[in-house]
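One-letter residues, chain by chain:
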Amino acid sequence: MKPAPLTCHSPTTLDEAVRLLHDLGPEAKVIAGGQSLVPVLNMRLATPAHLVDITGLPGLDEIRVSAEAVEVGALVTHRRLEQDDAAHAALPLLRQALVNVAHPAIRNRGTTVGSLAHADPNGEMPMILALTGGSVTAASVRGERTITASELFVGPMETVLEPDEILVSARFGRFAEGTRTAFTELTRRSGDYALAGAALALQVSDGQLRTARMGFVSVTELPDALDLTELVAGRPASTSADIAEAVVERVTEHIAPESDIHATADYRRHLTGVLARRLLTELTADIPARGAA
Amino acid sequence: MTTRMFGQRIKRREDPRLVTGNGRYVDDLGTGALEAAFVRSPHAHARILDIDVSGALDVPGVVAVWTYEDLVGKLAEPLPMLLPHPAIEAPVTGHVLAKDEVNHVGEAIVMVIADDRYLAEDAASRIEVEYEFRDAVVGIEAARDGAALVHEEAPGNIAAHLVQEVGDAPGRIASAAHVLELDLDIERSASMPMEGKGVLARWNREDGSLRVHSSTQTSTGVRAALAARLDLPLNKVDVITPDVGGGFGVKINHPWPEELALGAAAKVLEREVKWTEDRREHFISSAHERQQLQRVRVGFDDDGRIAGLDVQFWHDNGAYLPYGVIVPLNTSTHILGPYDLPDYRVEYYSLYTNTVIVTPYRGAGRPQAAYLMERTMDAVADYLGRDRTEVRRRNFVREFPHPIGLTMQDGREGIYDSGDYDTSLDKLKALVGWDDFADYRREAEAAGRRVGLGIGCYVESTGAGPYEGGHIEIETTGRVNVATGLTSQGQAHQTVLAQIVADELGVPIEMVSVTTGDTRKMGYSVGTWGSRGAVMSGNAVHLTAKKVKQKALAVAGRSLEVDPADLEIVDGIVRVKGDPKAQMPLAMVSVLSNPLRYAFDDTARAATQFAGKQDETKPPIAESDKPGLEDSDFYSPVRSTFASGMHAAIVETDPETADIRILRYCVVHDCGPMINPMVVEGQVHGGVAQGVGGALYEKMAYDSSGQLLNASFMDFLMPFAAEVPEIETDHLETPSPLNPLGIKGAGEAGTIPVSAVIASAVEDAEGFPITRMPISPPELWELRRRHDAGEWPSLRRG
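In the nomenclature of an unreviewed UniProt entry, chain B corresponds to Xanthine dehydrogenase family protein molybdopterin-binding subunit from the organism Brevibacterium daeguense.

An unreviewed UniProt entry lists chain A under the name Xanthine dehydrogenase family protein subunit M, with Brevibacterium daeguense given as the organism.

Structure follows, in structure tokens:
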């Protein structure tokens, strides 16, 4: 459990970092928090000849809240984002999800943008990027480019990023006014990867459901979001129980869980349906029926 | 009068050092030592056709690369069969490095020694081994089937087969009013200490001696094995256990291949060599436990009195049998629990599989026994529609000593020495609120919640022999140095042994220091296992302290010119009872106990030849006496003492997700008089935590080819603190008549009944039988589906 020989580079500017990545080629990997990469290195499941440590780069540790989005720099840890009150006020879903990312010790070092680059469909934050209609910015010697969540993820732990690109920031889109969000997952132990998880963004106005988007953890091939608006639009919130069946049906059609040593695909499908129903109930329980006092 | 230390909740003296990161473990020692890495088999069953190490030899910093061919003399022989037993039909043990074949993933094939572990692993990764694959035998069914064999010399994969029988169980069952049959299944788990195995070996070229630091549970055992296998005089080998980060059984089997390999390498290379097991190695090459398939036939009357119990079980012992049949033997001899069952028959097969060896893990076969018996008791109660505690009570042992007619792991008959199971059950029912549970359940059900109540009882033979020793010397400063040979893996030896000695010698506990597991201090010892540390070494240091005290009183009596019988020791001062002015510090007694020629300091002057008047007719040291306030003694019990306990739990199962939560966990525990109740509770808490792991989370996920799919802490689900419920405890203190302190062992107690208790509670919540443990939410959900489809029975009580 010791990594194979490698050289660690510690650039001090972004230009230097992208130049290194360009020159070193595919044998180089970017490292920031290292919470996913270091175990892989120690088990020699990956043996890159070079690591480019970006933790010394200036300007990548900021959280910016705008009217449209919460923008998160590449060096912002899960824990910092989780505890950022402005980000929470702008997009409560971030904290709702982040408290489920592993344990505090891991969140203290792991970066949110790093988890997006890792693109694990069992991770919470890639799904959140998709659910918020977010995007990321990648830098290379060719300059910067913006990649939307739906373009970014192309397979389990697979993105469209080029080997010489660094993700410098992520942009989580804010929801329209009146949007309520909730996140839930079931893990075997606290902080484990979820057996299944789901988040719901439900727009409500005047006691009526308007739009709905749901994202999933551990039960889809790619981090993505399912638009449920056509099932809910125009329905009174108080009738959410009536539409739950249709939502669960759509959800179980959409997901593609797999069996592993922790749970069967059947169980995960069942569980996701339960979680979807619970999210819908949670986000509509306090809305009075039309005409009620 | 000094407060009696025995029974006090004093804080562990180990903790300030350990919790501030000042512990010193094997890997903290030997800075600059060479380091070893091992090439381990990636296949479960194969013949080794060729090993090409040439690629490794070019790696800079590589010092040695050893295969089986490099092992000389007795080092090349099979590893010892540590515990011979007549039940063993085909004893097969492995080698230090694999010879011709591998029988489980993780078996060591090549040792690489280099300047550091990184280089050693770099070199190891370049070694190529050519294999010819064999069919892997994985799981008890495959082993029992016997179509493929692990070892040619073990037909049917049978390592051992044993029948023990008292009375006439089959006959009594045949004539019983009711008969039930149960098939039960319990999975593999493992000890998983925080620190894995570790070895540091240093050869002293000048005097031809070997010093080995090991995280072993028996330093004397390792020392004897090293001397024998390396052909060294025993007095040229010492084994020391520094701080050890947990053992829980996995470090008792010995010698480890790595202990012998590193000892030999240090000698040949004349260098200090270290190996620190990493977690993946620990998963695939140390040891596991627990897996059994069990079949029960039980006959009983209308009141639930058991007429006869006939048990068969099949035990998976993994690829080799170095630790003999201790685990299945313990299962077979602990099934009776607190129950008086004069008609009992047990038969077991211990089977080879192409998986990691199975050696004791906290409980060592007893959790399986409690699981079998308690599942049976629940089934009987359910069948009769009676309360589960009532049926248990109907069968309790009430007279002691109670011989059970079975031969235990120490080769002696099991005789329950004392206990009070009725009171234990009363206490448990009160603690958990047994009789109020029906109301609680109704309220929960009204709120859409599903809850269940479970119970499990057990007895545990503890404090097995043959012996342990104590050595005590009182320095001329008054400091009391205590040594015992068994090792500590983080237990409270330095606290509880000091409590015992402080009481007997009448000294403040601050003056007492305790050394464990260092063959330089105490060469005779068995080891730390089987809930024996306190019973064995506790009584040994107690007996030793008595001897040293007698000597101190004799020396002081001569000096004070009083009858030693009129003396007492209080707060480190020897004084005449009733006349506190006639006194002398114990430190001075120590000075006087050692007649001196040379006064190396002012204190010593008191013991020199012209310091006082002497009886010139006698030698300075009497014929049967020895200089110094120093002595040793040994405690050797005639048989094991039986601790006991009863646990209850309330669980909640989610009606939709089948998630299982433990709402309450209650323990009533009887280990006799407690030396330190806080330490006992700590043992119980840790034990329950490991039990919860075995009941709800942990299993070894072997695939059919013998690959362990969850060999990391990401996928092997050891419970975190958040998964362990608050544990409510109550105690009963039934003294043992077998030892001077009247104490019984406590180390394994918390673990033993947990799978039984949780199965009982989940079953109670769900209304259908739980026969396979551990149980996860997906597995419970699957059982619900089968139950709903009519493929899985209901409990009679619904």
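1. Details of the overall build of chain B
Helix and strand content of chain B: 20 helices and 29 strands. For 798 residues, the compact-globule estimate of 2.2 N^0.38 gives 28 Å, and chain B sits close to it at 28 Å. Across its three principal directions, the C-alpha atoms of chain B cover 95 × 70 × 50 Å. The proportion of buried residues among the 798 residues of chain B is 62%. Of the contacts made within chain B by residues no fewer than 6 positions apart, 80% connect residues no fewer than 24 positions apart. Working note: accessible area of chain B is about 29500 Å², and carbon and sulfur atoms make up 49% of it. Looking at chain B, you have 79 positive and 117 negative side-chain charges, and the mean spots of the two groups are 4 Å apart.

2. Observations regarding the overall build of chain A
Secondary structure summary: chain A contains twelve helices and 14 strands in total. For 293 residues, the compact-globule estimate of 2.2 N^0.38 gives 19 Å, and chain A sits close to it at 20 Å. Dimensions of chain A, computed from the C-alpha atoms along their principal axes, are close to 65 × 45 × 30 Å. The buried share of chain A, reckoned over its 293 residues, is 51%. Of the roughly 12400 Å² of accessible surface on chain A, a fraction of 49% belongs to carbon and sulfur atoms.

3. A short note on the environment of Leu24 of chain A
Residues and elements named next belong to chain A. Structurally, Leu24 is set in helix H1 (residues 14-24). Using a relative accessible area of 22% as the deciding quantity, one classes Leu24 as partly exposed. As a C-alpha pair, Leu24 and Ala176 span 152 residues in sequence and 44 Å in three-dimensional space. Setting aside residues no more than four positions away along its own chain, Leu24 makes contact with His9, His50 and Val52.

4. Here's the deal with the domain arrangement of chain B
Residue and element names in this part refer to chain B. Per the domain assignment, the segments making up chain B are domain 1 (32-134 + 197-244 + 251-285), domain 2 (292-464 + 638-788) and domain 3 (465-635). For domain 1 versus domain 2, the distance between C-alpha centres works out to 36 Å. In this assembly, 27 residues from domain 1 lie in contact with 27 residues from domain 2. Summed over both sides, the interface of domain 1 with domain 2 buries roughly 2200 Å², with 66% coming from carbon and sulfur. Three residues, Leu83, Asn253 and Phe283, lead the burial of domain 1 against domain 2; their summed loss comes to 29% of the area buried on that side. Applying the counting criterion to the domain 1 and domain 2 interface returns zero salt bridges. Taken together, the links from domain 1 to domain 2 amount to ten residue pairs in polar contact (both at pLDDT 80 or more).

5. Focus on the pattern of salt bridges
What the rule picks out here adds up to 75 salt bridges over all chains. One connected set of salt bridges, linked through shared partners, spans Arg44 of chain A together with Arg40, Arg117, Glu121, Asp122, Lys197, Glu258, Asp278 and Glu281 of chain B.

6. Brief notes about the domain arrangement of chain A
For chain A, the assigned domains read domain 1 (7-53), domain 2 (63-173) and domain 3 (179-284). Each of domain 1 of chain A and domain 3 of chain A was reduced to a C-alpha centroid, and the two centroids are 36 Å apart.

7. Some thoughts on the interface of chain B and chain A
Accessible area lost during the coming together of the parts is what is often quoted as the interface size. Residue-level contacts link 33 residues of chain B with 23 residues of chain A. Ranking the residues of chain B by area buried against chain A places Glu656, Phe720 and Trp781 of chain B at the top, with a combined share of 21%. Counting every contact that joins chain B to chain A gives five salt bridges. For Asp122 of chain B, the salt bridge identified is with Arg44 of chain A, shortest N-O distance 2.7 Å. Inspection of the chain B/chain A interface yields 15 residue pairs in polar contact (both at pLDDT 80 or more). When residues of the side of chain B that touches chain A are traced back to their parent elements, those giving at least two are helix H3 (117-124), helix H8 (279-285), helix H18 (677-697) and helix H20 (777-788) of chain B. Here the residues of the side of chain B that touches chain A are counted per class, giving 16 nonpolar, four polar and 13 charged.

8. A closer look at the sheet that holds strand S5 (residues 69-73) of chain A
In any sheet, the strands associate via hydrogen bonds between backbone groups, in a parallel or an antiparallel arrangement. All names here are of chain A. Strand order in this open sheet of five strands is S4-S5-S10-S6-S7, and the pairing throughout is antiparallel. The strands lining the two open edges of the sheet, one partner per strand, are strand S4 (63-65) and strand S7 (143-148). Neighbour-to-neighbour, the strand axes of the sheet open up by a mean angle of 20°, direction not taken into account. Note that S5 and strand S10 (residues 166-173) share five bridges and pair antiparallel. By the bridge assignment for S10, Ala69 is matched with Gly173. Across the sheet, H1 lies against strand S6 (135-140), S7 and S10, angled at about 115° from S10, the strand it touches most.

About the criteria used
Residues numbered from 1 in each chain as written. Chains lettered and ligands numbered in written order. Predicted model: local features only at pLDDT ≥ 70, side-chain atom pairs only at ≥ 80, totals over all residues. Heavy atoms only, no water. Helix = DSSP H or I, 4+ residues; strand = E, 2+ residues; numbered from the N terminus. Rg over C-alpha atoms; globule rule 2.2 N^0.38 Å. Buried < 20%, exposed > 50% of the residue type's maximum accessible area, 1.4 Å probe, protein only. Contact = heavy atoms within 4.5 Å. Areas by Shrake-Rupley, 256 points an atom, 1.4 Å probe, with all protein chains shown as cover. Lys, Arg positive; Asp, Glu negative; His and termini not counted. Charge placed at Lys NZ, Arg CZ, Asp CG, Glu CD. Domains from an automatic or database assignment. Buried area = accessible area lost by both parts, 1.4 Å probe. Salt bridge = Lys/Arg side-chain N within 4 Å of Asp/Glu carboxyl O. Polar contact = N/O pair within 3.5 Å; in protein donor to acceptor, adjacent residues only side chain to side chain. Nonpolar A, V, L, I, M, F, W, Y, C, P; charged D, E, K, R; others polar. Pairing = 2+ DSSP bridges. Axes fitted to C-alpha atoms, helices over the stretch in contact; angles between N-to-C directions.

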